Amino acid sequence: MTVEFIIGEAPPARMDKALARDVPEEAALSRSRLSRLLADGAVRVNGAVVTDPRAKAAEGDAVLITVEVAQDYHVAAEDIPLDVVFEDDDLIVINKPTGMVVHPAPGTPGGTLVNALLHHCGDSLSGVGGEKRPGIVHRIDKETSGLLVAAKSDRAHHGLAAQFEAHTVERHYRAICYGVPDSNDPRVRGVKGASFEPGNILKLQTQLARHKHDRQKQQVVWHNGRHAVTRARIVQPLGTPAVAALLDCWLETGRTHQIRVHLAHAGHGLIGDPTYGGRRKLSEKAVGERGREAARVFPRQALHAATLGFEHPVTGDMMRFEAPMPTDMQQLIEDLGGK
C-alpha cells in the first residue's frame, strides 16, 4: 500500500513531526509507526528516500510512504466466545470473564483473550505495528473479571497507550475485602502510605516492585519502585457487626496487582485472593455459617473491573462503559448479609 500527500503550509521543522501532522487520517498511521517507516527507508520526499527524522520539511514537499501489508500474527486465532460491550473499526471493549488470561505467555500459549480477539476481529484488524493483531494497552489479572479495551488499528493503539501513560483513563473496580477500611480506625491511619481524604476515601500511596523472593508477586517498597496510588471508598459494610466490605476502588496509576497489594498492605486483603489476601475466618456471629463458609471457599480474588472511561483515540468522543458484577461476587455479598 502507498500513501501520498503534500506537506501543508507552515510545517513543523522536523520531518517526523510534519509527517505526523499531515499524513491522511484514513491511512491510520500513528506517530510511532511513521517513525519506524522513516527508519526503514519507506518514506520518499520529492522522490528521494528520507530516513532522518530531523530532516527539514518544507511546504509543498511531495511525500510517498510505502506501507507493507500487515503480516499475520504468530499467535493462533481461537473461536472463544466473547462478551463484546462495544466495537468499531478502531477499538473493541470486552467484559472479560474470570479465568481468562489476557495475553499468551509460556505457561498459557492458548485460550487467551488475544487468541479470542484474533478470531473475533479477523480481517477487521488493520494492523498494529505492522502485524494483524489487537493492541493490548492494559491488562487485568486472570481471575479478575471486567472491562478491558484493545486497539484494532495503529492510530487507536497509539492514542489509547498515551492516555494510559498519562493516567487519564477512568478505571473503577468493585472489591470485597476483609474488614472495613474506615477513617475512624486508628490502625489504618497508622499504616505507612495510607491516609484519608474527605468523604472517608482511603488513599494508598506507595511504590511497588517485584517481590525479592517470589518473582510472581509484587510488594510495597519505599525506594527504587514504581509510584502507585489507589483510592477506595466503602460502598457497603458486610456483616453485623461489619467484618467485611464492598469497596469502590479507583486507580491513579495502573501497576501489576496494584489494588490487591495496596489493600493487603492496609490490612484489608481481598476475600479469595490466594496471593495477597490470606485466609481469614470471619465471625460466624457476624455473617452466619453460610457467610463464613462462602468467604472461606471463594475461589478467586473478589475483584471486578466495573467502569472504564476514556476519550476515543480517533473520534475524540468521550466513552464510558459499565459492567455489572458477576454472579459469584453478587452471591458472596448476599451470603455475607449484603444487598
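Note that the coordinates shown come from a computational prediction; the quantities given were computed from them, not determined experimentally.

(A) Looking closely at the sheet that holds strand β4 (residues 62-66). On the basis of which strands lie adjacent, the open sheet formed by four strands has the order β1-β4-β2-β3 and antiparallel pairing. Strands with a single pairing partner mark the edges of an open sheet, and in this sheet they are β1 (2-6) and β3 (48-49). Relative to β4, β1 runs antiparallel, the two sharing five bridges. Within β4, the residue paired with Phe 5 across the bridge is Val 63. Here helix α1 (residues 15-22) sits on the sheet and contacts β1, β2 (43-45) and β4; the angle it forms with β1, its principal contact strand, is near 95 degrees.

(B) Fine view of the side chain of His 304. In this structure, His 304 sits in strand β17 (residues 303-311). Only 2.7 Å separates the side chain of His 304 from the side chain of Ser 145, close enough to count as a polar contact. With residues near it in sequence (within four places) discarded, His 304 still touches Asn 95, Thr 144, Ser 145, Gly 146, His 172, Tyr 173, Arg 174, Ala 323, Pro 324, Met 325, Pro 326 and Met 329.

(C) Expanded view of unusual backbone geometry. In this model, Thr 240 is joined to Pro 241 through a cis peptide bond whose omega is 0 degrees. Mapped onto the secondary structure, Pro 241 falls in the loop between β15 (226-238) and β16 (244-251). Unlike most non-glycine residues, Ala 10 shows phi in positive territory, near 50 degrees. Turning to its location among the elements, Ala 10 is positioned in the loop between β1 and α1. What makes Ala 10 exposed here is its relative accessible area of 63%.

(D) Representation of the packing of aromatic side chains. For the structure shown, the criterion picks out two aromatic pairs. Judged by centre distance (5.6 Å) and plane angle (40 degrees), the ring pair of Phe 86 and Phe 321 falls under tilted. Note that Phe 86 is positioned in strand β6 (residues 84-87) and Phe 321 in strand β18 (residues 318-322), a separation of 235 residues in sequence. According to the relative accessible area criterion, Phe 86 is partly exposed, its value standing at 24%.

(E) A look at the pairing of β15. Alignment of strand β13 (residues 201-210) against β15, held across seven bridges, turns out to be antiparallel. Bridging from a neighbouring strand, Thr 206 pairs with Ala 228 of β15. The pairing of β15 with β16 spans eight bridges and is antiparallel. Paired with Thr 230 across the bridge in β16 is Leu 251. Count of turn residues in the β15/β16 antiparallel hairpin: five residues, of which Gly 239 carries a positive phi of about 105 degrees.

(F) Up close: the pattern of salt bridges. In total, this model carries 18 salt bridges according to the counting rule given. The closest approach of N and O atoms between Asp 22 and Arg 21, which form a salt bridge, is 2.7 Å. Here Arg 290 makes a salt bridge to Asp 335, at a shortest N to O gap of 2.6 Å. One end of the pair, Arg 290, is in helix α7 (residues 284-297); the other, Asp 335, is in helix α8 (residues 327-335), with 45 residues separating them in the sequence.

(G) Region of the structure containing the nonpolar core. Ranked by internal contacts, the top residues of the largest apolar core, which has 37 residues, are Leu 117, Tyr 173, Leu 247, Cys 249 and Leu 263. Residue contributions to this core peak at five residues, all from helix α3 (residues 113-121). Non-local contacts of Leu 247, meaning those with residues more than four positions away in its chain, are made with Tyr 173, Arg 174, Ala 175, Cys 177, Pro 181, Ala 232, Arg 233, Ile 234, Val 235 and Leu 263. Membership of the second largest hydrophobic core comes to 20 residues, among which are Leu 37, Leu 38, Ala 42 and Val 43.

Reading guide: rules and limits
Residues numbered from 1 in each chain as written. Predicted model: local features only at pLDDT ≥ 70, side-chain atom pairs only at ≥ 80, totals over all residues. Heavy atoms only, no water. Pairing = 2+ DSSP bridges. Helix = DSSP H or I, 4+ residues; strand = E, 2+ residues; numbered from the N terminus. Contact = heavy atoms within 4.5 Å. Axes fitted to C-alpha atoms, helices over the stretch in contact; angles between N-to-C directions. Polar contact = N/O pair within 3.5 Å; in protein donor to acceptor, adjacent residues only side chain to side chain. Buried < 20%, exposed > 50% of the residue type's maximum accessible area, 1.4 Å probe, protein only. Phe/Tyr/Trp six-rings, centres within 6.5 Å; stacked < 30°, edge-to-face > 60°. Salt bridge = Lys/Arg side-chain N within 4 Å of Asp/Glu carboxyl O. Core = buried A, V, L, I, M, F, W, Y, C linked by side-chain atoms within 4.5 Å.

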